[in-house]
Amino acid sequence: MEQTLSIIKPDAVKKGVIGKIVDRFESNGLRVAAMKKMQLDANKAGEFYAVHKERPFYGELVQFMTSGPIVVMVLEGEEAMSKNRDLMGATNPKEAAKGTIRADFADSIDANAVHGSDSLENAANEIKFFFSKEEVI
Ligand code: CMP
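A few points on the structure. Residue numbering note: each chain is counted from 1, following its sequence as written. It should be noted that, the model being predicted, local features are given only for residues of pLDDT at least 70 and side-chain atom pairs only at 80 or more, the latter also being counted only at that level, while totals for whole chains, interfaces and linings use all residues. To obtain the side-chain values, all non-hydrogen atoms of the structure were used and water was disregarded.

### Points about the overall build of the protein chain
Here comes step 1: Runs of E in the DSSP output that reach at least two residues are strands. Runs of H or I that reach at least four are helices, and both are numbered from the N terminus. Counting its regular elements, the protein chain contains 7 helices and 4 strands.
Here comes step 2: Listed by position from the N terminus, the elements making up the protein chain come as β-α-α-β-α-α-β-α-α-β-α.
Here comes step 3: Expressed as lengths along the three principal axes of its C-alpha atoms, the size of the protein chain is roughly 35 × 35 × 25 Å.
Here comes step 4: Of all 137 residues assigned to the protein chain, the portion counted as buried reaches 46%.
Here comes step 5: Should any heavy atoms of two residues lie within 4.5 Å, those residues are considered in contact. At a minimum sequence separation of 6, the contacts of the protein chain that also span at least 24 residues come to 77%. Each residue gets one of three labels from its accessible area relative to the maximum for its type: buried under 20%, exposed over 50%, partly exposed in between, using a 1.4 Å probe on protein chains only.

### A short note on the site of the ligand
Here comes step 1: Every residue lining the ligand is accounted for by Lys9, Tyr49, His52, Arg55, Phe57, Leu61, Thr91, Arg102, Ile109, Asp110, Asn112 and His115.
Here comes step 2: Side-chain polar atom of Asn112 to an oxygen atom of the ligand: 3.2 Å apart, as the coordinates give it.
Here comes step 3: In the analysis that follows, any N or O atom pair within 3.5 Å is treated as a polar contact, provided that within protein one partner can donate a hydrogen and the other can accept it, and provided that, for residues neighboring in sequence, both atoms belong to side chains. In this structure, an oxygen atom belonging to the ligand sits 3.1 Å away from a side-chain N or O atom of His115.
Here comes step 4: Burial of the ligand by the protein amounts to 79% of the accessible area it has alone, namely 460 Å².
Here comes step 5: When residue character is reported, Ala, Val, Leu, Ile, Met, Phe, Trp, Tyr, Cys and Pro are called nonpolar, Asp, Glu, Lys and Arg charged, and the others, Gly included, polar. For the shell around the ligand, the per-class residue count stands at 4 nonpolar, 4 polar and 4 charged. The rule for a residue being near a molecule or strand is that one of its heavy atoms must lie within 4 Å of it. Computed by Shrake-Rupley with a 1.4 Å probe, the accessible areas treat only the displayed protein chains as cover when residues are assessed.

### Topic: the environment of Ala45
Here comes step 1: Assignment of secondary structure puts Ala45 in helix H3 (residues 42-48).
Here comes step 2: Note: C-alpha distance between Ala45 and Phe64 (19 residues apart in sequence) is 9.4 Å.
Here comes step 3: Discounting residues that sit within four places of it in the chain, Ala45 has contacts with Leu40, Val62, Met65 and Thr66.

### Examining unusual backbone geometry
Here comes step 1: In this structure, Glu79 is a non-glycine residue whose phi angle is positive, near 50°.
Here comes step 2: By the element assignment, Glu79 lies in the loop between strand E3 (70-77) and helix H5 (80-88).
Here comes step 3: Classification of Glu79 as exposed rests on a relative accessible area of 55%.
Here comes step 4: Positive phi is not limited to glycine here, since Ala113 has a value of about 70°.

### A closer look at the pairing of strand E1 (residues 2-8)
Along a regular strand, successive side chains alternate from one face of the sheet to the other.
Here comes step 1: With 5 of 7 residues buried, E1 lies mostly within the body of the structure.
Here comes step 2: The pairing of E1 with E3 spans 7 bridges and is antiparallel. Residue Thr4 lies in a different strand from E3, and its bridge partner there is Leu75.
Here comes step 3: Strands qualify as paired when DSSP identifies two bridges or more between them. Where E1 lies against strand E4 (residues 114-116), 3 bridges are found, and the strand directions are antiparallel. Residue pairing across strands places Ile7 opposite His115, the latter belonging to E4.

### Comments concerning the packing of aromatic side chains
Here comes step 1: Aromatic rings from Phe, Tyr and Trp, taking only the six-membered ring of Trp, are treated as a pair when their centres fall within 6.5 Å; an angle between ring planes under 30 degrees marks them as stacked, one over 60 as edge-to-face, and anything in between as tilted. Tallied over the entire structure, the rule returns 4 aromatic pairs.
Here comes step 2: Seen in terms of ring centroids, Phe48 and Phe129 are 5.5 Å apart; in terms of plane orientation they differ by 50°. Their pairing is tilted. With Phe48 in helix H3 and Phe129 in helix H7 (residues 120-130), this pair connects stretches of sequence that are 81 residues apart.
Here comes step 3: Classification of Phe48 by relative accessible area gives buried; the value is 11%.
Here comes step 4: When the centroid spacing of 5.0 Å and the interplanar angle of 85° are considered together, the rings of Phe129 and Phe130 count as edge-to-face. Exposure class is identical for Phe129 and Phe130. Each is buried.
Here comes step 5: Site record: aromatic cluster; members linked through ring pairs are Phe48, Tyr49, Phe129 and Phe130.
Here comes step 6: Directly above the ring of Phe129 sits Lys44, whose terminal nitrogen or CZ lies 4.3 Å from the centroid. Only when the NZ atom of a Lys or the CZ atom of an Arg is both within 6 Å of the ring centre and within 35 degrees of the ring normal do we say a charge sits over the ring.

Spelled out as structure tokens, the structure:
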């Protein structure tokens, strides 16, 4: 059993597709172990994406992630980390396989609907970043 972090980004929240995205996870064997809607400020978004600090898109990424509310979730299940990434599709929605969340709901590489942890180590750190132990059930 694995746990991974998923974020429904401001573009998808604004479109009103939270339920449709959660359905993709639940219909594919992932359980929602924790969930909250929140508004990131620049400090929190900057810290979350600190690994990308030197990348040219960092400023836009922080700006985008603070542009509206997000939904953060802990997903749990067999091979949850890689399963979530398969369900999301490629980072750039233009390259995302048909039927994936990004192919169906994302508009651009910035407004790409969802984030998912890319390793088990990052998943553990990202879960801790947003949730206390008591909030993950
Ligand atoms: P995410 O999985 O949230 O991780 C970092 C985000 O940076 C990524 O999704 C994209 O939305 C955004 N991003 C913007 N430009 C790029 C790029 N050239 N390569 C990777 N990620 C990018």
